[in-house]
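Per-entry structural report
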Amino acid sequence: MKCAGDIEVRQVDEMAINIDPIQVGGRLTADAMKAVIAYGDGYSVCDNCRKPFRLDYIKKPPIADFHAELASWLSMDACRLVPGARRGFQAVCQGLVSKGDPVILTALSHYTEFLGVESTGGLPREIQKNAENRITADAAAETIERVIREEGKTPSLLFVEGVDYQYGNHHEIKEISRVAHSYDIPVLYNGAYTVGILPVDGKALGVDFVIGSGHKSMAAPAPSGLVATTDEYAETIFATTAVKGDQTGRTFGIKEIAMMGCTLMGVTVMGMMASFPHVKERVLRWDEELAKSRIVTDALLSIEGTTILSEMPRRHTLTRIDTRASFDRVAATHKKRGFFLSSALSKMGITGVIPGATKIWKLNTYGMTMAQAEYTADAFREIATENGLSLSD
Ligand SMILES: Cc1ncc(COP(=O)(O)O)c(C=O)c1O
């Protein structure tokens, strides 16, 4: 048996093109890597922690400024860092959802959103997706109406994904927010696939909470994320403790309950901060990312039998495809069976496809160079023709 200290060096092929749908937006920048080394000790950012004793007040390194900058970057009023988007969901639920409250989610919500609701005893109720795999304001209104009618309670919160993890589709956020607010239901925008990837303006979207994932979309180490909100909800979500030490009368007043006092320390906060100037700049180049995504999806669509299950034209770099009538047909007789596609791609330096995935699967082109997008498109076409699939123009 190996002991925990016997850690093998992780092999990362820096030259490979990674198309793993969940990894690409979180890869560290060189500056984040340097920060990880410099701030490896757990309490490395706490050397200059002075009154008030809370991490988000630390001025050196400028963690306090980083919080303020994140809030204004998202057009929100207040922001806190959290260990992953999921902890953001939990913090919001902790502030707003009581046991037995219905909470609206969507048919495309991630399981961690459900767990957030469950963590405070809320009852998840789903908005169904339409035939185009999109969540609409009409469907949101129907769900809210149904819940009120059948359960006699107004939902205490509504979750909606800016872009979902299944199809990479955009949903009717502004319209859904308007509908929810007409019932006084606050709206949580799950930006796990948008914050740090494309411009997000919480005020323009009309949402009450913006959640981001650092390790998924902000080029930050795991576990990291953020929760941003408006002045209206900041006091509720970031409520400080009223508890005193029972015997000693000690007070802990400044510590926020949902944040468990202090949040991201060391590597996570510093990695996130180090990448942030790059992240701010990269979201402005979103159109270029879409153009590269379309080069790859056009190539896939040119392969006989391949269909795209995500909305078209693509408005995100994460795409769900159906290759049951193309690559999976090849797999049926290929000596490597279902592993032939991931193996052929890997030989061409393309990684991130789950071995065996030849039916319905997802890829993400985020962060590729134009040359890599063209190379990836050619690679798919080449693997197709080498295996007897025809191409259209
Ligand atoms: C849509 C979506 N939301 C939330 C999460 C959870 O994010 P985190 O790992 O930052 O908690 C994920 C993770 O895969 C996700 O895909």
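Residues numbered from 1 in each chain as written. Predicted model: local features only at pLDDT ≥ 70, side-chain atom pairs only at ≥ 80, totals over all residues. Heavy atoms only, no water.

1. Notes on the overall build of the protein chain
- Tallying secondary structure elements over the protein chain gives 14 helices and 12 strands in all.
- Across its three principal axes, the protein chain shows a C-alpha extent of roughly 75 × 55 × 45 Å.
- Per-residue burial over the protein chain gives 52% buried out of 393 residues.
- Entry remark: accessible area of the protein chain is about 18400 Å², with carbon and sulfur atoms responsible for 53%.
- Placing the 43 positive and 48 negative side-chain charges of the protein chain at their respective mean positions leaves the two points 4 Å apart. (Helix = DSSP H or I, 4+ residues; strand = E, 2+ residues; numbered from the N terminus. Buried < 20%, exposed > 50% of the residue type's maximum accessible area, 1.4 Å probe, protein only. Areas by Shrake-Rupley, 256 points an atom, 1.4 Å probe, with all protein chains shown as cover. Lys, Arg positive; Asp, Glu negative; His and termini not counted. Charge placed at Lys NZ, Arg CZ, Asp CG, Glu CD.)

2. Some details on the domain arrangement of the protein chain
- What the domain assignment reports for the protein chain is domain 1 (39-282) and domain 2 (286-386).
- Domain 1 and domain 2 are separated by 33 Å when their C-alpha centres are compared.
- Taken together, the 15 residues of domain 1 in the interface contact 12 residues of domain 2.
- Summed over both sides, the interface between domain 1 and domain 2 buries roughly 1300 Å², with carbon and sulfur atoms accounting for 49% of that surface. (Domains from an automatic or database assignment. Contact = heavy atoms within 4.5 Å. Buried area = accessible area lost by both parts, 1.4 Å probe.)

3. Focus: the environment of Thr 268
- Among the secondary structure elements, Thr 268 is positioned in helix α10 (residues 266-283).
- Sequence spacing of Thr 268 and Val 36 is 232 residues, and the spatial spacing of their C-alpha atoms is 7.8 Å.
- In contact with Thr 268, other than residues within four places in its own chain, are Pro 221, Ala 222, Pro 223 and Ser 224.

4. Looking at the environment of Val 210
- Mapped onto the elements of the fold, Val 210 is located in strand β7 (residues 209-213).
- The sequence separation of Val 210 and Thr 297 amounts to 87 residues, and the corresponding C-alpha distance is 29 Å.
- Leave out the neighbours within four places in its chain, and Val 210 touches Leu 74, Met 76, Tyr 189, Val 195, Val 200, Gly 202, Leu 226, Val 227 and Ala 228.

5. With respect to the packing of aromatic side chains
- All chains considered together, the criterion is met by eight aromatic pairs.
- Here the aromatic rings of Phe 209 and Tyr 233 are separated by 5.2 Å at their centres, their planes lie at 55 degrees, and the arrangement is tilted. Highlighted residues: Phe 209 in strand β7 and Tyr 233 in helix α9 (residues 231-237), separated in sequence by 24 residues. Grouping residues by exposure puts Phe 209 and Tyr 233 together as buried.
- When the ring of Phe 327 is compared with that of Phe 340, the centres are 6.3 Å apart and the planes differ by 55 degrees; the resulting orientation is tilted. Linking Phe 327 in helix α12 (residues 327-333) with Phe 340 in helix α13 (residues 340-347), this pair joins segments that are 13 residues apart in sequence.
- For Phe 327, a relative accessible area of 1% gives the class buried.
- The class of Phe 340 is buried, set by a relative accessible area of 2%. (Phe/Tyr/Trp six-rings, centres within 6.5 Å; stacked < 30°, edge-to-face > 60°.)

6. Examining the UniProt feature "modified residue: N6-(pyridoxal phosphate)lysine" (unreviewed entry) in the protein chain
- Feature annotation in UniProt assigns "modified residue: N6-(pyridoxal phosphate)lysine" (unreviewed entry) to the following positions: Lys 216.
- Positionally, Lys 216 belongs in helix α8 (residues 214-217).
- Overall, Lys 216 belongs to the buried group, its relative accessible area being 18%.
- Residues contacting Lys 216, with those up to four places away along its chain left out, are Ile 22, Gly 25, Gly 26, Ala 192 and Tyr 193. (UniProt positions renumbered as here; feature names shortened; annotations may be inferred.)

7. As for the site of the ligand
- Neighbouring the ligand are 13 residues, the closest being Ala 85, Arg 86, Ser 213, His 215 and Lys 216.
- Surface burial for the ligand is 94%, taken as the share of its 400 Å² of free accessible area covered by protein chains.
- At the level of elements, α3 (85-96) and α8 are the ones that each hand at least two residues to the shell around the ligand.
- Looking at the shell around the ligand, the element that brings in the most residues is α3, giving three residues.
- Of the residues assigned to the shell around the ligand, the class counts are five nonpolar, six polar and two charged. (Near = heavy atom within 4 Å. Nonpolar A, V, L, I, M, F, W, Y, C, P; charged D, E, K, R; others polar.)

8. Describing the sheet that holds strand β9 (residues 307-308)
- Pairing in this open sheet of three strands is antiparallel, and the strands run β9-β10-β12 from one edge to the other. Each having just a single partner strand, β9 and β12 (360-364) make up the two edges of the open sheet.
- Sheet topology places β9 next to strand β10 (residues 318-322); two bridges connect them, and they run antiparallel. When the sheet's bridge partners are listed, Thr 307 is paired in β10 with Asp 322. (Pairing = 2+ DSSP bridges.)

9. Focus on the nonpolar core
- Counting 56 residues, the largest nonpolar core has Leu 158, Val 210 and Leu 226 as its most contacted members.
- Examining the composition of this core, we find that seven residues originate from one element, α10, more than from any other.
- When residues of this core are sorted by domain, at least three fall in each of domain 1 (39-282) and domain 2 (286-386).
- Counting 27 residues, the second largest nonpolar core, distinct from the first, contains Ile 308, Val 330, Phe 340 and Trp 361. (Core = buried A, V, L, I, M, F, W, Y, C linked by side-chain atoms within 4.5 Å.)

10. A word on α10
- Look at α10: 25 Å from first C-alpha to last across 18 residues, which is about the 26 Å you get at 1.5 Å a residue.
- Of all bends in α10, the biggest is about 45 degrees, found at Phe 276, and the proline Pro 277 comes one to four residues later.
- Across the 18 residues that make up α10, a large majority, 13, are buried. (Expected span 1.5 Å × (residues − 1). Bend = angle between axes of the 7 residues up to and from the residue.)

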